[in-house]
Amino acid sequence: MAQIIDGKAMSKEIRLELHQELKEFVAAGNRLPHLTAVIVGEDPASQTYVHNKMLACKEVGISSETKILPESTTQDELLQLINQLNTDENVTGVLIQLPVPDHIDERTICNAVAAEKDVDGFHEINIGRLALDMEGTIPATPLGVKTLLERSNIETFGRNAVVVGRSKNVSLPMAMLLHSDGRHSIKGLDSTVTICHRYTPPKELAKFCRQADIIVVAVGKPGLITKDMIKPGACIIDVGINRIKDEKTGKFKLVGDVDYEEVRQVAGHITPVPGGVGPMTVTMLMHNTLKAAKKQNATRLLNV
Ligand code: NAD
């Protein structure tokens with residue numbers, strides 16, 4: 001039976017560490033980091049995600065605020081607000097909750113946030129730096145997975161890893177962290193990586209997964225990864241979040257992309273949903289926010 005990787009407990013531990021780090025930063029005379037989150041429209045999932053991020057800020061001690069803009073907000077209006085936040089010295093982190101409405105171009109918005117305030121790590125500069133193994137801001141979900149693997153002592157060096165999904169915000173940076181060189185500044189995980197996606201035939205997906213020592217799945221399809229696709233003892237990281245109706249109770253519940261009950265019988269390690277990657281994502285956002293504030297502070301001192 002697989003060992004469960006408890007992302008909730010690990011998150012709690014890291015948030016305490018971040019709280020301590022923040023206290024020391026402020027005690028040294030630095031300004032409190034401040035995160036501004038922006039939501040455009042009324043998507044209830046976005047509101048829940050941002051609410052959780054604000055609660056995490058409170059837990060760590062980061063000052064924060066949420067700006068909710070109407071669905072009808074134009075791209076120019078949003079860009080204007082981002083510009084204001086970019087130049088506001090009191091704001092050290094800016095987060096535009098995705099998805100934005102269809103009439104707004106997501107890439108334009110991600111690139112408009114100043115790279116040094118981009119705590120999501122979605123700016124082209126930050127993605128580019130990650131691709132080159134250079135220090136920058138790493139997107140919170142893949143950074144959360146990397147931290148889960150490291151703190152659970154999962155061996156990645158020279159191992160086979162499969163990333164299922166090829167999104168630019170989750171799977172691509174995940175693959176970059178898994179394959180890159182551990183001696184470079186981002187301290188990559190040195191695995192051999194295969195990326196599977198919607199056009200990977202199911203038979204091939206199963207074949208690649210069966211060779212994997214580590215599988216990270218980020219698709220959004222419940223039950224995609226089944227027991228027969230798992231190499232005994234493999235580490236299974238389930239990023240997927242799906243809201244489904246429980247047939248027994250009739251109530252809605254959250255599940256991942258992995259057939260958890262079956263897969264845990266053969267895997268060596270597994271993350272649950274909820275309580276695995278989700279809390280780590282929020283915690284890594286806090287890590288990024290504190291790191292961004294520290295960096296801006298160092299730059300300000302250099303410019304005095
Ligand atoms: P996305 O929709 O951008 O990407 C989904 C990917 O799945 C695509 O690249 C697609 O090619 C691939 N795919 C679709 N069908 C497939 C199949 N049959 N086999 C293999 N690949 C297939 O999604 P995303 O933003 O990367 O998110 C993926 C999932 O992770 C969603 O459920 C999302 O809610 C969840 N998520 C969770 C967290 C967290 O903190 N736990 C954070 C971000 C996203």
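Residues numbered from 1 in each chain as written. Predicted model: local features only at pLDDT ≥ 70, side-chain atom pairs only at ≥ 80, totals over all residues. Heavy atoms only, no water.

> What is the right way to read the site of the ligand from this model?
Within the structure, the ligand sits among 19 residues, and Arg 166, Ser 167, Arg 198, Val 239 and Thr 281 are positioned closest to it. Taking Arg 166, its main chain carries an N or O atom lying 2.8 Å from an oxygen atom of the ligand. One of the side-chain nitrogen or oxygen atoms of Thr 281 is found 2.7 Å away from an oxygen atom of the ligand. Protein contacts shield 75% of the accessible area of the ligand, which totals 860 Å² for the unbound molecule. (Near = heavy atom within 4 Å. Polar contact = N/O pair within 3.5 Å; in protein donor to acceptor, adjacent residues only side chain to side chain. Areas by Shrake-Rupley, 256 points an atom, 1.4 Å probe, with all protein chains shown as cover.)

> In this structure, what is going on with the nonpolar core? I would like to understand it.
Side chains that are nonpolar tend, in soluble globular proteins, to be buried together. Core analysis: the biggest nonpolar cluster contains 49 residues, and Leu 35, Val 145, Leu 149, Leu 178, Val 216, Ile 237 and Met 286 have the highest contact counts within it. When residues of this core are sorted by domain, at least three fall in each of domain 1 (30-114) and domain 2 (138-278). Ranked by size, the runner-up nonpolar core spans 19 residues in total, among them Val 162, Val 217, Met 229 and Ala 234. (Core = buried A, V, L, I, M, F, W, Y, C linked by side-chain atoms within 4.5 Å. Buried < 20%, exposed > 50% of the residue type's maximum accessible area, 1.4 Å probe, protein only. Domains from an automatic or database assignment.)

> Explain the environment of Arg 183 here, please?
Mapped onto the elements of the fold, Arg 183 is located in the loop between α7 (171-179) and β6 (192-196). According to the relative accessible area criterion, Arg 183 is exposed, its value standing at 74%. For the pair Arg 183 and Asp 133, spaced 50 residues apart in sequence, the C-alpha separation works out to 9.6 Å. Separated by 2.8 Å, the side chains of Arg 183 and Asp 181 make a polar contact. (Helix = DSSP H or I, 4+ residues; strand = E, 2+ residues; numbered from the N terminus.)

> What's the story with the domain arrangement of the protein in this structure? I'm lost.
For interface size, the figure often reported is the accessible area lost on association. In terms of domain boundaries, the protein breaks down into domain 1 (30-114) and domain 2 (138-278). Of note, the centres of domain 1 and domain 2, computed from C-alpha atoms alone, are 28 Å apart.

> Teacher, can you tell me more about unusual backbone geometry here?
Leave glycine aside and you will find that most residues have negative phi; peptide bonds, for their part, are mostly trans. In this structure, the amide linkage connecting Leu 98 to the following residue, Pro 99, adopts the cis form with an omega of 0°. Take Pro 99: it is sitting in the loop between β4 (93-96) and α4 (106-112). A cis amide bond links Val 273 with the next residue in sequence, Pro 274, at an omega value of -5°. In this fold, Pro 274 is placed in the loop between β11 (269-270) and α10 (277-303). The phi torsion at Asn 153 lies on the positive side, around 55°, for a residue other than glycine. Tracing the chain through its elements places Asn 153 in the loop between α6 (140-151) and β5 (160-164).

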